[in-house]
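Structural overview for review
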Amino acid sequence: MAAAAECDVVMAATEPELLDDEEAKREAETFKEQGNAYYAKKDYNEAYNYYTKAIDMCPKNASYYGNRAATLMMLGRFREALGDAQQSVRLDDSFVRGHLREGKCHLSLGNAMAACRSFQRALELDHKNAQAQQEFKNANAVMEYEKIAETDFEKRDFRKVVFCMDRALEFAPACHRFKILKAECLAMLGRYPEAQSVASDILRMDSTNADALYVRGLCLYYEDCIEKAVQFFVQALRMAPDHEKACIACRNAKALKAKKEDGNKAFKEGNYKLAYELYTEALGIDPNNIKTNAKLYCNRGTVNSKLRKLDDAIEDCTNAVKLDDTYIKAYLRRAQCYMDTEQYEEAVRDYEKVYQTEKTKEHKQLLKNAQLELKKSKRKDYYKILGVDKNASEDEIKKAYRKRALMHHPDRHSGASAEVQKEEEKKFKEVGEAFTILSDPKKKTRYDSGQDLDEEGMNMGGELAGAAWGEFDSRRMLEFFPKMLQRESLFGPNLIPGPNSNRHGVKQMQSSVAGSQCAVSSEEASTLAREGLEVQKSMAPWLMPIIPALWEAEASRSLENRSSRPA
């Protein structure tokens, strides 16, 4: 009797439990079916809720975890999905779909090696499973991309790293590590908006992600926003005190900022040598900071221009535009240096680039000035021909002309080779042409302003000088001097024909000859005077200033010849 009561008690205690368990299973299946319906409708949030209810009712069912893992994967919540998938295979190691979902979550999160293990287990259970075979290949491809990217990053081949990460992210869309590596390389390539976008997406999901904070700071640092960059680096170091890249970047940013500011201060104080040294030191801090280094090169170029090291200034500005081809200030500085070194074609090219970018009145005028100087440079440089400065006075021009005309006069090179005579005659013509322009105030003004002188019959290419030379026979002029000197007389300025000789020139010259100490008849004096006037009329005006010098030279030679003859 006592035993029977004990069994009853036992039966009374266990039978309701069995009934409750069956009821829970039925209710869990109902929730699962409802979850499946919502999943089919792509209402993954509701599907998740019903799968969760099913798990609550029956927490030992592997398929419920597997279904909820699939739903979480569709919601992009791969880390939570991985937990459910791992629980499903713990409950049932033969659950192929559970292994596939575990592997897919690992792969999506960037753990390709763990994914391979899961897919291998699925293939052990079902070696013909096509999905497992394909996913296994994908996991191996991701591992290969990761390996290549690591090597290329060390080689600083950032474009290839970005390519590899893009391919890897097709299979691992939730991998923050791949995204950070891609963003860092984009920053290194100067593609700052893309890099910031990637980093910002990560920070929206995880505001404490030190890697993402570092990349955001890196973008600002490379865009020359150094103060803001330092703030992000400091924040990254708060999240991860051992973050090596953030530590180095923060140190470089602070050093670069300090050196640049010190260089600017030295420049403003006129200490150009110190400024040059500081800018040079700043350039050695971080070769990857393209924008800041472009500014430093331009600043150092400005210093070099102040020190009149124009070739060095041009080189610095060229380095600046190589780093940043949109840096207008560097183009302007280099163009001015080109102007100062008379490299007008290069100056025009730089000013054209500037004006195309920023069409301001100032830039238009700079371009116009450079084009004018280029046009002027293609003409003969009359100042250079005479060997005078562009600000030379009228007397300086005249003296220089006399000197150069005597230097290149054909009769002074009569004993030279035909080639030398031709060259000296050409130079003599150019000297005369230069004096014609520079001795006339109106022509000089037009020449200095770059206006075409052809309009006034003055061909800048040498036709004027050629025509004048064609009308004038230098030998005829010099043949006249010995006739005057052979009467053993030295003539003063009264016998020198000048540009202002009038119709009484013959009488004046005849009178001068007759009044000299030469033993000549009145008839001979008249003949010499007439010949002298003919010579004068045949001469171009630009020859007049050198006649006294030529006359003196001829007289000197005659005296030497006479003194060398035996008594």
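Residues numbered from 1 in each chain as written. Predicted model: local features only at pLDDT ≥ 70, side-chain atom pairs only at ≥ 80, totals over all residues. Heavy atoms only, no water.

1. Focus on the overall build of the protein chain
On a plain count of helices and strands, the protein chain comes out with 28 helices and 0 strands. Residue burial in the protein chain is summarised as follows: out of 567 residues, 44% are buried. Pairs at least 24 residues apart make up 54% of the contacts formed inside the protein chain by residues separated by at least 6 positions. Just so you have it, the protein chain exposes about 31500 Å², and 48% of that area is on carbon and sulfur atoms. (Helix = DSSP H or I, 4+ residues; strand = E, 2+ residues; numbered from the N terminus. Buried < 20%, exposed > 50% of the residue type's maximum accessible area, 1.4 Å probe, protein only. Contact = heavy atoms within 4.5 Å. Areas by Shrake-Rupley, 256 points an atom, 1.4 Å probe, with all protein chains shown as cover.)

2. Side note on the packing of helix α16 (residues 310–323) against helix α17 (residues 328–340)
Relative to each other, α16 and α17 sit at 155°, their axes nearing to 9 Å. By the angle between their axes, α16 is roughly antiparallel relative to α17. Two packed elements cross with a definite hand, and for α16 against α17 that hand is left-handed. Contact with α16, carried on its side by L310, A313, I314, C317, T318, A320 and V321, involves A330, Y331, R333, R334, C337, Y338 and D340 of α17 and no other residues of that element. (Axes fitted to C-alpha atoms, helices over the stretch in contact; angles between N-to-C directions. Parallel < 35°, antiparallel > 145°, perpendicular 65-115°, else oblique. Left-handed = near helix turned anticlockwise from the far one by under 90°.)

3. Some points on the packing of aromatic side chains
A full pass over the atoms with the stated rule returns 12 aromatic pairs. Relative to Y222, the ring of Y192 has its centre 6.4 Å away and its plane inclined at 45°; by these criteria the two rings are tilted. Taken together, the residues Y192 in helix α10 (residues 192–205) and Y222 in helix α11 (residues 210–222) connect sequence positions 30 residues apart. Centre to centre, the rings of Y214 and F233 are 6.1 Å apart; their planes meet at 35°, and the pair counts as tilted. In this pair, Y214 sits in helix α11 while F233 sits in helix α12 (residues 226–239), placing the two residues 19 residues apart along the sequence. F233 shares its class with Y214; the two are buried. Grouping aromatic residues by their ring pairs yields a cluster made of Y192, Y214, Y221, Y222 and F233. One residue, K41, lies across the ring of Y38, its end atom 5.6 Å from the ring centre. The aromatic ring of Y48 is capped on one face by R77, whose charged end is 5.0 Å from the ring centroid. (Phe/Tyr/Trp six-rings, centres within 6.5 Å; stacked < 30°, edge-to-face > 60°. Lys NZ or Arg CZ within 6 Å of the ring centre and 35° of its normal.)

4. Observations regarding unusual backbone geometry
Positive phi values are uncommon outside glycine, yet K42 reaches one of about 65°. Tracing the sequence through the fold places K42 in the loop between α1 (2–40) and α2 (44–57). In this model, E342 sits at a positive phi of 60°, which is unusual for a non-glycine residue. Its place among the elements puts E342 in the loop between α17 and α18 (344–357).

5. Comments concerning the confidence of the model for the protein chain
Close inspection of predicted coordinates is inappropriate in any region flagged by low pLDDT. Per-chain confidence: the protein chain averages 82 in pLDDT, with 76% of residues scoring 70 or above. Across residues 1–19, confidence stays below pLDDT 50; counting only partners more than four residues off in sequence or on other chains, it has 1 contact. The low-confidence segment residues 480–520 (pLDDT under 50) makes 70 contacts with residues lying over four places distant or belonging to another chain. (pLDDT = per-residue confidence, 0-100.)

6. With respect to the environment of L123
On the secondary structure map, L123 appears in helix α6 (residues 112–125). We classify L123 as buried; its relative accessible area is 19%. For the pair formed by L123 and H99, sequence separation is 24 residues and the distance between their alpha carbons is 9.4 Å. Ignoring anything within four residues of it in the chain, the contact list for L123 reads N129, A132 and Q133.

7. Quick word on the UniProt feature "repeat: TPR" (unreviewed entry) in the protein chain
In this numbering, the UniProt entry assigns the feature "repeat: TPR" (unreviewed entry) to residues 28–61, 210–243, 256–289 and 328–361. When the span residues 210–243 is considered, its composition is 79% helix and 0% strand, and the gap between its end C-alpha atoms is 8 Å. With 82% helix and 0% strand, residues 328–361 has end C-alpha atoms that lie 15 Å from one another. (UniProt positions renumbered as here; feature names shortened; annotations may be inferred.)

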